[in-house]
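Residue strings, one per chain:
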Amino acid sequence: MPAGEAEAYWRGAAEAVAAGDILLWAILDDDGPVGTIQLHPVGKPNGAHRAEVAKLMVHPRARGRGLAKQLMAVAEQAARDLGRRLLVLDTVEGGVADGLYRRLGWTEAGRIPDFALKSGGGSEATVVFWKAI
Ligand SMILES: CC(C)(COP(=O)(O)OP(=O)(O)OC[C@H]1O[C@@H](n2cnc3c(N)ncnc32)[C@H](O)[C@@H]1OP(=O)(O)O)[C@@H](O)C(=O)NCCC(=O)NCCS
């Protein structure tokens, strides 16, 4: 992803946090952010019990230390505190996160082929998961 595109994304995310539309957590070490996760509570009346978990990412230098699990636990607790009892997320098929979510109690709802375009060309499938909390 071009740096400008990434920066625009994160500025938009910061505005959404400031507006109270999403919650975002980051883990920092001495060199900067090493992990992040977002919770997007659904704003529609029929989704007042539901939230989406998004953008779970851990920097390569900090992987394998349980940070992803910690971030997910924080997001889940925040969802409970907000009275949300159903979580959804999607992730690229076959990635590390796919297996991680299954071990953390998420259930696969289904697979959508050709979902996301890759920067180098082609596309990849996504897997949609849900979890009752
Ligand atoms: C997926 C990701 C968030 C995992 O972060 P992490 O902090 O390394 O994960 P944790 O240390 O909490 O490990 C969680 C589990 O995943 C396993 N795991 C982590 N990296 C792994 C790897 N490269 N291969 C296989 N298993 C791996 C751990 O062994 C652990 O397994 P366990 O549940 O049996 O204990 C990180 O690899 C990442 O940011 N990947 C790129 C972005 C991405 O795919 N995000 C998800 C988008 S929805």
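Residues numbered from 1 in each chain as written. Predicted model: local features only at pLDDT ≥ 70, side-chain atom pairs only at ≥ 80, totals over all residues.

### Some points on the site of the ligand
Neighbouring residues of the ligand: 16 residues in total, closest Val58, Arg63, Ala68, Thr91 and Ala97. Ranked by residues supplied to the shell around the ligand, first place goes to helix α3 (residues 96–103) with 4 residues. (Near = placed C-beta within 6 Å. Helix = DSSP H or I, 4+ residues; strand = E, 2+ residues; numbered from the N terminus.)

### Things to note about unusual backbone geometry
Positive phi, normally seen in glycine, also occurs at Lys55, with a value near 55 degrees. Relative to the assigned elements, Lys55 resides in strand β3 (residues 50–58). With 16 C-beta atoms packed within 10 Å, Lys55 lands in the partly exposed category. Positive phi, close to 60 degrees, is recorded for Asp114, a residue that is not glycine. Here Asp114 is to be found in strand β5 (residues 107–117). For Asp114, a count of 10 C-beta atoms within 10 Å translates into the label exposed. (Buried ≥ 20, exposed ≤ 12 C-beta atoms within 10 Å, placed from the backbone.)

### Quick look at helix α2 (residues 67–81)
Between its first and last C-alpha atoms α2 spans 21 Å; for 15 residues at 1.5 Å apiece the expected length is 21 Å, and the two agree. The set of residues buried in α2 consists of Ala68, Leu71, Met72, Ala75, Glu76 and Ala79. Each buried residue of α2 lies within a common arc of 135 degrees when the element is viewed along its axis, so the set occupies one face. Pointing more than 90 degrees away from the buried face of α2 are the exposed residues Gln77 and Asp81. Downstream of α2 by one or two residues, Gly83 has phi in the positive range, about 80 degrees. (Expected span 1.5 Å × (residues − 1). Arc of directions from axis to C-beta.)

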